[in-house]
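# Fold and geometry: a report
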Amino acid sequence: MDGAHSAGLQLQPLPPTSSSMSLSSSDGSFSYKENLIGALLAIFGHLVVSIALNLQKYCHIRLAGTKDPRAYFKTKTWWLGLLLLLLGELGVFASYAFAPLCLIVPLGAVSVIASAIIGIIFIKEKWKPKDFVRRYVLSFVGCGLAIVGTYLLVTFAPNSHEKMTGENIARHLVSWPFLLYMLVAIVLFCLLLYFYKEKNANSIVVILLLVALLGSMTVVTVKAVSGMLVLSIQGNLQLDYPIFYVMFVCMVASAIYQATFLSQASQIYDSSLIASVGYILSTTAAITAGAIFYLDFLGEEALHICMFALGCLIAFLGVFLITRNRKKAIPFEPYISMDAMPDEGAG
């Protein structure tokens, strides 16, 4: 009787302990903290990159009349801009290791907001208050919308975090959803390249779609490389996995070709148009690739996904309004075409 009674006690399920409950809650808070760290690193990086590019642009404009074409090398302002540029790119690169792709990529809107504000500050022409408000009302509204969209992105971004180990990355690389996406992307890229090269279809949408498809591969590989490097620094060595070097080579190659198409687009179209259209297309392609490769939205509630999508749309509209108001007649126009794109982390 006593033995049966004791056996019955042993078969009774144990209630969840406070330590296990606190562990699960701490995991959730840790995911949120990682998202926050990644978002702050990305925002900081984009701000610093925007300031750096505007400093260098200001230096080039100030020395435009000099006989020495490399006079800017002798100025402290240009070198300060270069150091800030490297620091900002490093911050954006590191942010991919902490937060999902779908959160980091849309934060490129921060650079557009910063460039718009810096451009207004550096304007040398004097305007009457009424003319100033009328001229820049779209920029003000666009900045407000972009800020609201960025807030929604950070608030409702997925909290899924997977360690960027060699095994995980290799498993995602050969998954059928990503292989299907790669097949569709390659076919679309080849068709666009054919029309662009053979049929002379140099529409900005065609060129920036080529950039966006390359950029989606860039950010996927950047996250893998950044995540594996961070894990290696933390003591979990990942550099002995061949997949790391495969991702690194793909990252460098896609970034180079992406910069090539961007350079060709800048020779035909205005930088503000490239900034707005490029940001929208590249962000959409990068979020799609990240959702398929890293399964960012797996297990997320429908409401969170809808609010995240709304944040993206609001940020898109804000960037469009900001860049639409850019005029070539302005003496100082911040260079925003490159840092508005989601491939900055490629460094």
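What you are looking at is a predicted structure, and each value in this text was computed from that prediction instead of being measured.

## A short note on the overall build of the chain
Looking only at helices and strands, one finds twelve helices and zero strands in the chain. In the chain, the succession of α and β elements from N to C terminus is α-α-α-α-α-α-α-α-α-α-α-α. The burial tally for the chain puts 46% of its 347 residues in the buried class. Long-range contacts, defined here as pairs at least 24 residues apart, represent 83% of the contacts in the chain between residues at least 6 apart. A total accessible area of about 18000 Å² is found for the chain, and carbon and sulfur atoms account for 71% of it.

## As for the confidence of the model for the chain
Mean pLDDT over the chain: 79, with 78% of residues reaching 70 or higher. Taken as a whole, residues 1–30 scores under 50 in pLDDT and shows one contact with residues more than four places along the chain or in a different chain. Counting interchain partners and residues more than four positions distant, the pLDDT-below-50 stretch residues 328–347 has 77 contacts.

## What about a nonpolar patch on the surface?
A cluster of nonpolar residues, Trp176, Leu180, Leu183, Val184, Val187, Leu191, Tyr194 and Phe195, forms a patch on the protein surface that exposes about 840 Å² of accessible area. Tracing the sequence through the fold places Phe195 in helix H8 (residues 176–197).

## As for unusual backbone geometry
For Asn200, which is not glycine, the phi dihedral falls at a positive 55°. Secondary-structure assignment places Asn200 in the loop between H8 and helix H9 (204–233). Asn200 gets classed as exposed once you look at its relative accessible area, which sits at 58%. Although it is not a glycine, Leu295 sits at a positive phi angle of roughly 55°. Tracing the sequence through the fold places Leu295 in the loop between helix H11 (271–293) and helix H12 (302–324).

## Considering the environment of Ile186
Its place among the elements puts Ile186 in helix H8. Accessibility expressed as a relative area gives 46% for Ile186, which makes it partly exposed. Counting along the chain gives 27 residues from Ile186 to Leu213, while the straight-line C-alpha distance between them is 8.6 Å.

## Here's the deal with the packing of aromatic side chains
Between two aromatic rings, the relevant description is the distance of the centres plus the angle of the planes. A complete count under the given rule lists nine aromatic pairs for this structure. The interplanar angle of 80° and the centroid separation of 4.6 Å between the aromatic rings of Phe178 and Phe293 together place this pair among those described as edge-to-face. Separated by 115 residues along the polypeptide, Phe178 in helix H8 and Phe293 in helix H11 bring together distant segments of the chain. With respect to class, Phe178 is no different from Phe293; both count as buried. Three or more aromatic residues link up through ring pairs in this structure, and these residues are Phe178, Tyr181, Phe293 and Tyr294. Lying over the aromatic face of Tyr294, Lys223 brings its terminal NZ or CZ to 5.7 Å of the ring centre.

## As for the packing of H9 against H11
Two numbers describe how H9 lies on H11: the axes approach to 8 Å, and their chain directions differ by 40°. Put simply, H9 runs oblique to H11. With respect to the hand of their crossing, H9 and H11 are arranged in right-handed fashion. Within the contact between the two elements, H9 uses Ile204, Val205, Leu208, Leu209, Val211, Ala212, Ser216, Met217, Val219 and Val220 and H11 uses Leu273, Ile274, Val277, Gly278, Leu281, Ser282, Ala285, Ala286, Ala289, Gly290 and Phe293. Taken together, the residues that form the contact of H9 with H11 break down as 17 nonpolar, four polar and no charged.

## Some thoughts on the environment of Ser175
Mapped onto the elements, Ser175 comes out in the loop between helix H7 (166–173) and H8. Residues Ser175 and Phe293, spaced 118 residues apart in sequence, show a C-alpha to C-alpha distance of 8.1 Å. Within the structure, Ser175 has its side chain in polar contact with the backbone oxygen of His172 (distance 2.7 Å).

About the criteria used
- Residues numbered from 1 in each chain as written.
- Predicted model: local features only at pLDDT ≥ 70, side-chain atom pairs only at ≥ 80, totals over all residues.
- Heavy atoms only, no water.
- Helix = DSSP H or I, 4+ residues; strand = E, 2+ residues; numbered from the N terminus.
- Buried < 20%, exposed > 50% of the residue type's maximum accessible area, 1.4 Å probe, protein only.
- Contact = heavy atoms within 4.5 Å.
- Areas by Shrake-Rupley, 256 points an atom, 1.4 Å probe, with all protein chains shown as cover.
- pLDDT = per-residue confidence, 0-100.
- Patch = residues over 30% accessible without salt bridge, like charges linked within 9 Å, V, L, I, M, F, W, Y side chains within 5 Å.
- Salt bridge = Lys/Arg side-chain N within 4 Å of Asp/Glu carboxyl O.
- Phe/Tyr/Trp six-rings, centres within 6.5 Å; stacked < 30°, edge-to-face > 60°.
- Lys NZ or Arg CZ within 6 Å of the ring centre and 35° of its normal.
- Axes fitted to C-alpha atoms, helices over the stretch in contact; angles between N-to-C directions.
- Parallel < 35°, antiparallel > 145°, perpendicular 65-115°, else oblique.
- Left-handed = near helix turned anticlockwise from the far one by under 90°.
- Nonpolar A, V, L, I, M, F, W, Y, C, P; charged D, E, K, R; others polar.
- Polar contact = N/O pair within 3.5 Å; in protein donor to acceptor, adjacent residues only side chain to side chain.

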